[in-house]
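Working through the structure, step by step
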Amino acid sequence: PHPVLQSFLAYTLGSLQDAKAVPVLARLATNSGREVAFQASLALGESKAAASVSALKSAWRKGDPLVRAASAAALKRLGSRPSRFSFTQLVSSGIALAALGAGLSYFFYR
(Lines give C-alpha, C1' and ligand atoms only; values in the text may rest on other atoms or scores of the structure.)
Protein backbone atom coordinates (compact mmCIF):
# COMPACT_ATOMS: atom_id res chain seq x y z
CA PRO A 1 0.00 0.00 0.00
CA HIS A 2 0.96 3.59 -0.55
CA PRO A 3 2.65 5.35 2.43
CA VAL A 4 0.10 8.18 2.40
CA LEU A 5 -2.71 5.65 2.67
CA GLN A 6 -0.93 3.84 5.51
CA SER A 7 -0.37 7.14 7.35
CA PHE A 8 -4.03 8.03 6.98
CA LEU A 9 -5.00 4.57 8.22
CA ALA A 10 -2.80 5.04 11.32
CA TYR A 11 -4.29 8.47 11.96
CA THR A 12 -7.84 7.15 11.62
CA LEU A 13 -7.22 4.15 13.86
CA GLY A 14 -5.67 6.42 16.47
CA SER A 15 -8.66 8.74 16.45
CA LEU A 16 -10.90 5.77 17.31
CA GLN A 17 -8.96 5.28 20.58
CA ASP A 18 -9.71 1.57 20.52
CA ALA A 19 -7.38 -1.02 22.05
CA LYS A 20 -8.28 -3.45 19.24
CA ALA A 21 -6.29 -1.28 16.83
CA VAL A 22 -3.03 -1.61 18.79
CA PRO A 23 -1.65 -4.69 16.92
CA VAL A 24 -2.14 -2.98 13.55
CA LEU A 25 -0.65 0.29 14.81
CA ALA A 26 2.28 -1.57 16.37
CA ARG A 27 3.07 -3.11 13.00
CA LEU A 28 2.80 0.28 11.31
CA ALA A 29 5.02 1.92 13.97
CA THR A 30 7.94 -0.25 12.86
CA ASN A 31 7.31 0.47 9.19
CA SER A 32 10.33 1.50 7.15
CA GLY A 33 8.47 4.60 5.97
CA ARG A 34 9.25 7.55 8.22
CA GLU A 35 5.84 9.23 7.90
CA VAL A 36 3.95 5.98 8.48
CA ALA A 37 5.94 5.11 11.61
CA PHE A 38 5.55 8.69 12.89
CA GLN A 39 1.77 8.71 12.46
CA ALA A 40 1.41 5.21 13.94
CA SER A 41 3.48 6.19 16.99
CA LEU A 42 1.27 9.18 17.64
CA ALA A 43 -1.82 7.03 17.16
CA LEU A 44 -0.53 4.48 19.69
CA GLY A 45 -0.33 7.30 22.22
CA GLU A 46 -3.93 8.20 21.46
CA SER A 47 -5.10 4.62 22.01
CA LYS A 48 -4.35 4.89 25.75
CA ALA A 49 -3.83 1.11 25.87
CA ALA A 50 -1.11 -0.37 28.08
CA ALA A 51 -0.22 -2.78 25.27
CA SER A 52 1.02 0.20 23.26
CA VAL A 53 4.04 0.77 25.50
CA SER A 54 6.17 -2.10 24.18
CA ALA A 55 5.41 -1.18 20.57
CA LEU A 56 6.30 2.46 21.25
CA LYS A 57 9.58 1.52 22.92
CA SER A 58 10.41 -0.61 19.89
CA ALA A 59 9.63 2.30 17.56
CA TRP A 60 11.70 4.63 19.79
CA ARG A 61 14.74 2.39 19.29
CA LYS A 62 14.31 2.67 15.52
CA GLY A 63 16.71 5.61 15.39
CA ASP A 64 14.87 8.04 13.13
CA PRO A 65 14.62 11.37 15.02
CA LEU A 66 11.05 12.06 13.91
CA VAL A 67 9.82 8.62 14.98
CA ARG A 68 11.78 8.84 18.25
CA ALA A 69 10.16 12.18 19.07
CA ALA A 70 6.66 10.89 18.31
CA SER A 71 7.28 7.71 20.31
CA ALA A 72 8.66 9.63 23.29
CA ALA A 73 5.66 11.99 23.26
CA ALA A 74 3.26 9.05 23.05
CA LEU A 75 5.04 7.23 25.87
CA LYS A 76 4.83 10.33 28.03
CA ARG A 77 1.13 10.55 27.27
CA LEU A 78 0.75 6.94 28.44
CA GLY A 79 2.70 7.63 31.64
CA SER A 80 5.84 5.79 30.59
CA ARG A 81 9.17 6.82 29.15
CA PRO A 82 11.63 5.38 26.68
CA SER A 83 14.48 3.40 28.14
CA ARG A 84 17.61 5.48 28.30
CA PHE A 85 19.92 2.79 26.96
CA SER A 86 19.33 0.08 24.47
CA PHE A 87 21.11 -3.24 24.87
CA THR A 88 23.38 -2.43 21.93
CA GLN A 89 24.43 0.88 23.46
CA LEU A 90 25.09 -0.83 26.76
CA VAL A 91 27.31 -3.50 25.18
CA SER A 92 29.26 -1.03 23.05
CA SER A 93 29.80 1.21 26.09
CA GLY A 94 31.05 -1.77 28.07
CA ILE A 95 33.48 -2.71 25.32
CA ALA A 96 34.75 0.87 25.11
CA LEU A 97 35.26 1.02 28.88
CA ALA A 98 37.09 -2.31 28.85
CA ALA A 99 39.39 -1.10 26.07
CA LEU A 100 40.03 2.12 27.96
CA GLY A 101 40.80 0.19 31.13
CA ALA A 102 43.18 -2.11 29.27
CA GLY A 103 44.95 0.87 27.71
CA LEU A 104 45.32 2.62 31.06
CA SER A 105 46.57 -0.57 32.69
CA TYR A 106 49.19 -0.97 30.00
CA PHE A 107 50.26 2.66 30.39
CA PHE A 108 50.61 2.49 34.19
CA TYR A 109 52.03 -1.03 34.61
CA ARG A 110 54.55 -1.44 31.83
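Now for a description of the structure that goes with this document. (Residues numbered from 1 in each chain as written. Predicted model: local features only at pLDDT ≥ 70, side-chain atom pairs only at ≥ 80, totals over all residues. Heavy atoms only, no water.)

1. Describing the packing of aromatic side chains
This is how the line gets drawn: Pairs were defined over the aromatic rings of Phe, Tyr and Trp, the Trp ring being its six-membered one, requiring ring centres within 6.5 Å. Orientation was assigned from the angle between planes: stacked under 30 degrees, edge-to-face over 60, tilted for the rest. Two conditions define a charge sitting above a ring: the NZ of Lys or the CZ of Arg must be within 6 Å of the ring centre, and it must be within 35 degrees of the ring normal.
All told, the structure shown has zero aromatic pairs when counted by the stated rule. It is Arg68 that lies over the ring of Trp60; its NZ or CZ is 4.0 Å from the centre.

2. Examining the environment of Arg77
Heads up, the rule is: The helix and strand labels rest on DSSP assignments: H or I over at least four residues marks a helix, E over at least two residues marks a strand, and numbering proceeds from the N terminus. Any two residues whose heavy atoms approach within 4.5 Å are treated as being in contact.
For Arg77, the position within the fold is in helix α5 (residues 65-77). In this structure, Arg77 is in contact with Gly45 and Glu46, ignoring residues within four places of it in sequence.

3. Here's the deal with the nonpolar core
Cut-off, in case you're wondering: Nonpolar cores are built from buried Ala, Val, Leu, Ile, Met, Phe, Trp, Tyr and Cys residues. Side-chain atoms within 4.5 Å join them into one set. For every residue, the accessible area obtained with a 1.4 Å probe (protein chains only) is divided by the maximum for its type, and the residue is called buried under 20%, exposed over 50%, and partly exposed between those limits.
Judged by nonpolar contacts, the single largest core of 20 residues is most densely connected at Ala10, Leu25, Leu28, Ala29, Ala40, Leu44 and Leu56. For this core, the secondary-structure elements that each account for two or more residues are α1 (3-16), α2 (22-29), α3 (34-47), α4 (52-60) and α5. A per-element tally of this core places α3 first, with five residues. With residues near it in sequence (within four places) discarded, Ala40 still touches Ala10, Leu25, Leu28 and Ala29.

4. Regarding a nonpolar patch on the surface
In plain terms, the rule: Like charges are joined within 9 Å and nonpolar side chains (Val, Leu, Ile, Met, Phe, Trp, Tyr) within 5 Å, but only among residues with over 30% relative accessible area and no salt bridge; these make up the patches. Shrake-Rupley sampling with a 1.4 Å probe provides the accessible areas, and residues are treated as covered by the protein chains on show and by no other component. Salt bridges are counted wherever a side-chain nitrogen of Lys or Arg sits within 4 Å of a carboxyl oxygen of Asp or Glu.
A surface patch of nonpolar side chains, about 760 Å² in accessible area, is lined by Leu97, Leu100, Leu104, Phe107, Phe108 and Tyr109. Within the secondary structure layout, Leu97 lies in helix α6 (residues 87-109).

5. So, α3
Owing to its 3.6 residues per turn, the α-helix brings residues three or four apart onto one side. Here is the rule we go by: Expected span, for any helix, means 1.5 Å times one less than how many residues it has.
In this model α3 runs 20 Å from its N-terminal to its C-terminal C-alpha over 14 residues, within 8% of the 20 Å that 1.5 Å per residue would give. Inspection of α3 places Val36, Ala37, Ala40, Ser41, Ala43, Leu44, Gly45 and Ser47 among the buried residues, and these make up the whole buried set. Against the buried residues of α3 lie α1, α2, α4 and α5. Lys48 sits one or two positions beyond α3 and adopts a positive phi of about 55°.

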